[in-house]
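Structural characterization, general
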Amino acid sequence: VQLQASGGGLVQTGGSLRLSCAASGRTFSGYVMSWFRQAPGKEREFVAAIRWSGGSTYYSDSVKGRFTISRDNAKNTVYLQMNSLKPEDTAVYYCAAKTGTWSRAGNSFDYWGQGTQVTVSS
């Protein structure tokens, strides 16, 4: 399984970015796909998740209402649309995949992509 994250960059407060996570190596029905982030000096934190089958979504309270996770089955890609960005959203964002039930715990995820840097300037 390979996960390839992209789409990070530098944006001003209030701006938007869309992250992509291209997944390959197997069929992902039955998987939960998630985004995590880690800011300098802080622990990795859960951001959002989506069930590949059915499309149920889950968000952390800090991004609910501003971020939207979605997937494109034909492209085997998961997206994170980030709106109304704040300086505290600055972090390296990682996509991850696991089978079974949804979880906020990063150590329950089996596969990780490389990170993509998101920087929000004030």
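Structure first, text after, so check above.
Attention in this report is confined to the structure presented alongside it.

Rules and cut-offs
Residues numbered from 1 in each chain as written. Predicted model: local features only at pLDDT ≥ 70, side-chain atom pairs only at ≥ 80, totals over all residues. Heavy atoms only, no water. Helix = DSSP H or I, 4+ residues; strand = E, 2+ residues; numbered from the N terminus. Rg over C-alpha atoms; globule rule 2.2 N^0.38 Å. Contact = heavy atoms within 4.5 Å. Phe/Tyr/Trp six-rings, centres within 6.5 Å; stacked < 30°, edge-to-face > 60°. Buried < 20%, exposed > 50% of the residue type's maximum accessible area, 1.4 Å probe, protein only. Disulfide = S-S within 2.5 Å.

Some thoughts on the overall build of the protein
The secondary structure content of the protein amounts to zero helices and 11 strands. Starting at the N terminus and walking to the C terminus, you meet the elements of the protein as β-β-β-β-β-β-β-β-β-β-β. A compact globule built from 122 residues should have a C-alpha radius of gyration of about 14 Å, and the protein, at 13 Å, falls within 12% of that. Each principal axis of the C-alpha atoms in the protein carries an extent, and together these give about 40 × 30 × 25 Å. A separation of at least 24 residues holds for 56% of the contacts in the protein among residues at least 6 apart in sequence.

Focus on the packing of aromatic side chains
Evaluation of the coordinates by the stated rule reveals 10 aromatic pairs. With 6.5 Å between their ring centres and 75° between their planes, Y94 and W112 make a pair best called edge-to-face. Residue Y94 is found in strand β9 (residues 91-99), and its partner W112 is found in strand β10 (residues 111-112); the two are separated by 18 residues along the sequence. The class of Y94 is partly exposed, set by a relative accessible area of 23%. With relative accessibility at 29%, the residue W112 sits in the partly exposed group. What links up through ring pairs into an aromatic cluster is the set F36, F46, Y58, Y94, W102, F109 and W112.

Considerations on the state of the cysteines
Scanning the model with the defined rule gives one disulfide in all. Note on cysteine connectivity: C21 is disulfide-linked to C95, with sulfurs 2.3 Å apart. Across the S-S bond linking C21 and C95, the dihedral sits near 65°, which makes this disulfide right-handed. A residue pair is termed long-range when its members are at least 10 positions apart, and C21 in strand β3 (residues 17-24) and C95 in strand β9 qualify at 74 residues. For the pair C21 and C95, a shared accessibility class is recorded, and that class is buried.

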